[in-house]
Amino acid sequence: NAGVTQTPKFQVLKTGQSMTLQCAQDMNHNSMYWYRQDPGMGLRLIYYSASEGTTDKGEVPNGYNVSRLNKREFSLRLESAAPSQTSVYFCASLLAGGDEQYFGPGTRLTVT
Amino acid sequence: LAKTTQPISMDSYEGQEVNITCSHNNIATNDYITWYQQFPSQGPRFIIQGYKTKVTNEVASLFIPADRKSSTLSLPRVSLSDTAVYYCLVVGNNNAGNMLTFGGGTRLMVKP
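Residues numbered from 1 in each chain as written. Chains lettered and ligands numbered in written order. Predicted model: local features only at pLDDT ≥ 70, side-chain atom pairs only at ≥ 80, totals over all residues. Heavy atoms only, no water.

1. Side note on unusual backbone geometry
Move 1: With an omega of -5°, the peptide bond running from Thr7 of chain A to Pro8 of chain A counts as cis.
Move 2: Mapped onto the secondary structure, Pro8 of chain A falls in the loop between strand S1 (4-7) and strand S2 (10-13).
Move 3: For Thr53 of chain B, which is not glycine, the phi dihedral falls at a positive 55°.
Move 4: The topology assignment puts Thr53 of chain B in strand S5 (residues 53-56). (Helix = DSSP H or I, 4+ residues; strand = E, 2+ residues; numbered from the N terminus.)

Structure below.
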């Protein structure tokens, strides 16, 4: 049982490049989340998926798109990376409302 | 969404009890209070969750007064390894998925 996995662990992009961050969970959880965390700051919700087939914007969705590919996988795409998107990205999942969230190890992204 | 307010930082010494208070004045009837802990370069980790009165587990205690407009996380006899950021969240108890948001958290520094 791997929990929540994220790939890649590290990534460096040039401004304007695109990439997709992958997240998968093997706990049969219904809801999945993408957060970003800037240095010394709290987590900010980018997008979330309450259940397979649905996605909703969080606090800071601009510049990102998401896909809930199936119940296990929730990907985050940056179409045209900007230096302001330099951050650590965390994926999380939970079974149902009121349950605890399980977090992945994070992806450290640098945009130059 | 119930907004939470907690101190930005706290200092303590090894062996002391630490109490971190969180305000959540507009908590809804179905909301739970949940606390997470985050170490540097890691995703947050669930510590404890409660609805009212007192909850205790092997890590911490959570005190919630009758009006539920605040809560206090109590860490008994802290050690250096308890140095981390602690987040208070108010979580709705429904099965439709939640837009879970983290505030800035409380940065706890435990000194020798």
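2. Notes on the interface of chain B and chain A
Move 1: With 24 residues of chain B at the contact, the number on the chain A side is 25 residues.
Move 2: Between chain B and chain A, a total of about 1,700 Å² is buried, with carbon and sulfur atoms accounting for 53% of that surface.
Move 3: Its largest share of buried area at the contact with chain A, chain B owes to Met99, Leu100 and Phe102 of chain B, together 28% of the area lost on that side.
Move 4: Between chain B and chain A we count zero salt bridges in total.
Move 5: Seen at the junction of chain B and chain A, the total is three residue pairs in polar contact (both at pLDDT 80 or more). (Contact = heavy atoms within 4.5 Å. Buried area = accessible area lost by both parts, 1.4 Å probe. Salt bridge = Lys/Arg side-chain N within 4 Å of Asp/Glu carboxyl O. Polar contact = N/O pair within 3.5 Å; in protein donor to acceptor, adjacent residues only side chain to side chain.)

3. Some details on the packing of aromatic side chains
Move 1: Under the counting rule described, the total for this entry stands at eleven aromatic pairs over all chains.
Move 2: One aromatic cluster is present, built from ring pairs that chain together Tyr33, Tyr35, Tyr48 and Phe103 of chain A together with Tyr36, Phe46, Tyr87 and Phe102 of chain B.
Move 3: A cation over a ring is seen here: Arg68 of chain B above Tyr51 of chain B, with NZ or CZ 4.0 Å from the ring centre. (Phe/Tyr/Trp six-rings, centres within 6.5 Å; stacked < 30°, edge-to-face > 60°. Lys NZ or Arg CZ within 6 Å of the ring centre and 35° of its normal.)

4. A few points about the state of the cysteines
Move 1: If you walk through the whole model with that rule in mind, you get two disulfides over all chains.
Move 2: Between the sulfur atoms of Cys23 of chain A and its disulfide partner Cys91 of chain A the distance amounts to 1.8 Å. Between Cys23 of chain A and Cys91 of chain A the sulfur-sulfur dihedral comes to about -75°; the bridge is accordingly left-handed. Here Cys23 of chain A is found in strand S3 (residues 19-25), whereas its partner Cys91 of chain A is found in strand S9 (residues 87-94), with 68 residues between them in sequence.
Move 3: By relative accessible area, Cys91 of chain A is classed as buried at 0%.
Move 4: Between the sulfur of Cys22 of chain B and that of Cys88 of chain B lies a disulfide, 2.2 Å long from S to S. When the S-S torsion is -80°, as for the bridge of Cys22 of chain B with Cys88 of chain B, the disulfide is left-handed. (Disulfide = S-S within 2.5 Å. Buried < 20%, exposed > 50% of the residue type's maximum accessible area, 1.4 Å probe, protein only.)

5. Section: the environment of Tyr102 of chain A
Move 1: Take Tyr102 of chain A: it is sitting in strand S10 (residues 102-103).
Move 2: Excluding its chain neighbours within four sequence positions, the residues that come into contact with Tyr102 of chain A are Val4, Met27, His29, Cys91, Ala92 and Ser93 of chain A.

6. A short note on the pattern of salt bridges
One side chain can pair with another of opposite charge once the charged atoms of both are near each other.
All names here are of chain A.
Move 1: Throughout the structure, instances matching the rule amount to four salt bridges over all chains.
Move 2: Between Asp38 and Arg36 there is a salt bridge, and its shortest N-O distance comes to 2.9 Å.
Move 3: For Asp38, a relative accessible area of 18% puts it in the buried group.
Move 4: Looking at Arg36, the relative accessible area reads 7%, which means it is buried.
Move 5: A salt bridge links Asp38 to Arg44; the shortest N-O distance between them is 2.7 Å.
Move 6: Relative accessible area serves as the criterion here: at 34%, Arg44 is assigned to the partly exposed category.
Move 7: Residues joined in a network through salt bridges with shared partners are Arg36, Asp38 and Arg44.

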